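# Structural overview for review
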Amino acid sequence: MDLSAGHVWVMISAALVLLMTPGVAFFYGGMTRAKAALNMMMMSFVSIGLVGVVWVLWGFSMTGGDGVGGLFGNPFTSFGLESLIGTEDLIGAGFGATFAIITVALISGAIADRAKFSAWAVFVPVWVTLVYCPLAFMVWGGGLLGEEGAIGSVVGEAIDFAGGTVVHINAGVAALVLALIIGKRKGFGKDPSQRPHNIPFVMLGATLLWFGWFGFNGGAAGTAEEAGLIWVNTMAAPAAAMVGWLLIERIRDGRPTSLGAASGIVAGLVAITPACANVSPLGAVGLGVLAGVLSALAVGLKYKLGYDDSLDVVGVHLVAGIVGTLALGFIALPVEGEGGGLFYGGGFAQLGAQLVAAVVAIAFSAILTLIIGLAIHKTIGFRVSEDSEVNGVDLSEHAETAYEFGGLGVGGSFRPFPESSRTAPKESINS
């Protein structure tokens with residue numbers, strides 16, 4: 001079969017999405033302590049290796065194979081991808097793998113500084129198999145939430161073009177569950193060394209994510225017209241979200257920060273993911289501002305509610321993922337003059353479908369992640385020892401340090417950043 005422009009675009013998009021996982025590594029690596037930076041980056045990198053193997057063996061089949069009760073595809077339908085050799089379906093299989101990889105990598109930010117690398121290496125393939133693949137099948141593979149599925153046929157099919165439920169709500173909920181299972185870092189909310197140690201890394205990571213996101217959202221575009229809308233929306237929403245986040249920082253904290261700019265970009269990218277092909281550019285701007293504002297407000301909740309989501313996976317990915325998913329019930333464009341969100345006269349049908357999909361994703365991810373996380377935590381243990389946490393997981397888990405000066409490894413002594421609501425309330429640090 002001839003290689004068409006469409007095939008080439010999907011392959012390029014897959015490469016862009018794969019680049020996003022190293023982008024996550026830089027984003028998260030800069031946000032953690034210096035003596036945990038390598039461990040944080042390794043959690044993203046090993047996700048590529050483990051999920052890449054799982055995807056070839058059974059992961060792809062579980063997301064699009066013959067359905068088993070509407071919950072997941074038969075893992076043996078295309079086991080090892082042997083049956084796809086000589087077909088163009090291998091291109092789609094490769095594209096899908098990159099989504100599974102980055103979804104599980106996103107979770108790692110919630111357990112920074114204190115997780116065993118071996119436990120993470122067990123969690124990744126199990127979670128992708130039991131949580132990501134089934135949810136992807138339910139939403140995109142003709143499962144429960146699809147147009148003909150047991151739920152979708154009743155409440156209507158939810159719109160999730162590139163992963164608001166499958167990727168971001170899913171990862172955000174899993175991150176919260178793992179953070180609760182593993183517990184708080186020693187000195188949570190009081191230790192200044194837990195602040196981000198390398199903001200340039202964070203900004204580099206956000207840049208790589210934004211760059212790759214054009215493939216993440218645009219890879220499945222069916223026409224040039226749709227691709228153009230997706231591209232503009234993927235530019236507009238994160239830009240607006242960054243402005244919204246910085247505005248909240250300026251009002252609340254007295255100054256905008258580089259960390260806030262980078263985080264706002266990611267919040268906007270998350271929010272536009274499910275909606276990129278189904279809202280107008282003006283809608284994307286409004287959605288971006290809303291996501292930036294709400295995520296900026298949400299990241300401080302962990303100090304009020306007492307859960308240690310180290311790098312704000314919940315505040316950014318779960319919150320913005322829910323915002324983007326539900327917003328479609330209001331601002332989704334009509335298709336061929338019919339349907340659409342409330343603001344376009346489409347009634348409550350689309351909002352109901354979006355709400356049901358979000359609730360199903362939250363419940364499914366929470367229950368399965370709780371079972372997986374507890375099983376690992378109660379057997380091999382998910383958390384490092386207190387000494388390892390204090391001395392740094394880079395040394396205890398990898399026998400490496402991110403920074404060497406005069407032959408001496410440097411761990412976590414950098415504190416060049418001002419007080420910020422992103423790290424801990426001032427009264428907590430000074431207590």
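Here's a quick rundown of the structure. (Residues numbered from 1 in each chain as written. Predicted model: local features only at pLDDT ≥ 70, side-chain atom pairs only at ≥ 80, totals over all residues. Heavy atoms only, no water.)

### A look at the overall build of the protein
Quick note on the threshold: Secondary structure counts use DSSP, requiring at least four H or I residues in a row for a helix and at least two E residues in a row for a strand, with both numbered from the N terminus. What the globule rule says is 2.2 Å times the number of residues to the power 0.38, and the radius of gyration is computed from C-alpha atoms. Exposure categories follow from relative accessible area, calculated using a 1.4 Å probe and restricted to protein chains: below 20% of the type maximum is buried, above 50% is exposed, and the middle band is partly exposed. Whether two residues are in contact is decided by their heavy atoms, any of which lying within 4.5 Å being enough. The accessible surface values rely on the Shrake-Rupley method and a 1.4 Å probe; as for residues, cover is taken only from the protein chains in view. Counting rule for charge: Lys and Arg are taken as positive, Asp and Glu as negative, and neither His nor the chain ends is counted. A charge is said to be at NZ when it belongs to Lys, at CZ for Arg, at CG for Asp and at CD for Glu.
Helix and strand counts for the protein stand at 16 helices and four strands. In terms of C-alpha radius of gyration, the protein reaches 21 Å, essentially the compact-globule figure of 22 Å for 431 residues. With the principal axes as the frame, the protein shows a C-alpha extent of 60 × 50 × 40 Å. Per-residue burial over the protein gives 56% buried out of 431 residues. The contacts in the protein between residues at least 6 apart in sequence include a share of 76% that link residues at least 24 apart. Total accessible area computed for the protein in this model is approximately 16,800 Å², and 68% of it derives from carbon and sulfur atoms. A gap of 21 Å separates the mean positions of the 19 positive and 29 negative side-chain charges of the protein.

### Considering unusual backbone geometry
Glycine aside, negative phi is the norm for most residues, and most peptide bonds take the trans geometry. We note that Asp 113 has phi near 80°; this positive angle belongs to a residue other than glycine. With respect to the helices and strands, Asp 113 occurs in the loop between helix H3 (89–107) and helix H4 (117–140). In this model, Asp 312 sits at a positive phi of 65°, which is unusual for a non-glycine residue. Its relative accessible area of 3% is what places Asp 312 among the buried residues.

### Here we look at the packing of aromatic side chains
Stated formally: Note on ring pairs: Phe, Tyr and Trp rings are taken, using the six-membered ring of Trp, and paired if centres are within 6.5 Å. Classes follow the plane angle, with under 30 degrees stacked, over 60 edge-to-face and the rest tilted.
Summed over all chains, the structure comprises 15 aromatic pairs. Ring-pair connections join several aromatic residues into one group, and the members of that group are Phe 95, Phe 99, Trp 140, Trp 213 and Phe 216.

### Observations concerning the pattern of salt bridges
Note on pairing: side chains with opposite charge can pair once their charged atoms come close. Definition in use: Salt bridge, as used here, is a side-chain nitrogen of Lys or Arg placed within 4 Å of a carboxyl oxygen of Asp or Glu.
For the structure on display, the rule yields eight salt bridges. With its nearest N and O atoms 3.7 Å apart, the salt bridge here joins Arg 185 to Asp 113. On the criterion of sequence distance, the pair formed by Arg 185 in the loop between helix H6 (164–182) and helix H7 (199–218) and Asp 113 in the loop between H3 and H4 is long-range, its members being 72 residues apart. When sorted by exposure, Arg 185 lands in the same class as Asp 113, which is buried.

### With respect to the environment of Tyr 344
Mapped onto the fold, Tyr 344 is located in the loop between helix H12 (313–331) and helix H13 (349–379). Once residues within four sequence positions are removed from consideration, Tyr 344 is found in contact with Ser 280, Phe 330, Ile 331, Ala 332, Leu 333, Pro 334 and Gly 339.

Keep in mind these values describe shape, not function.
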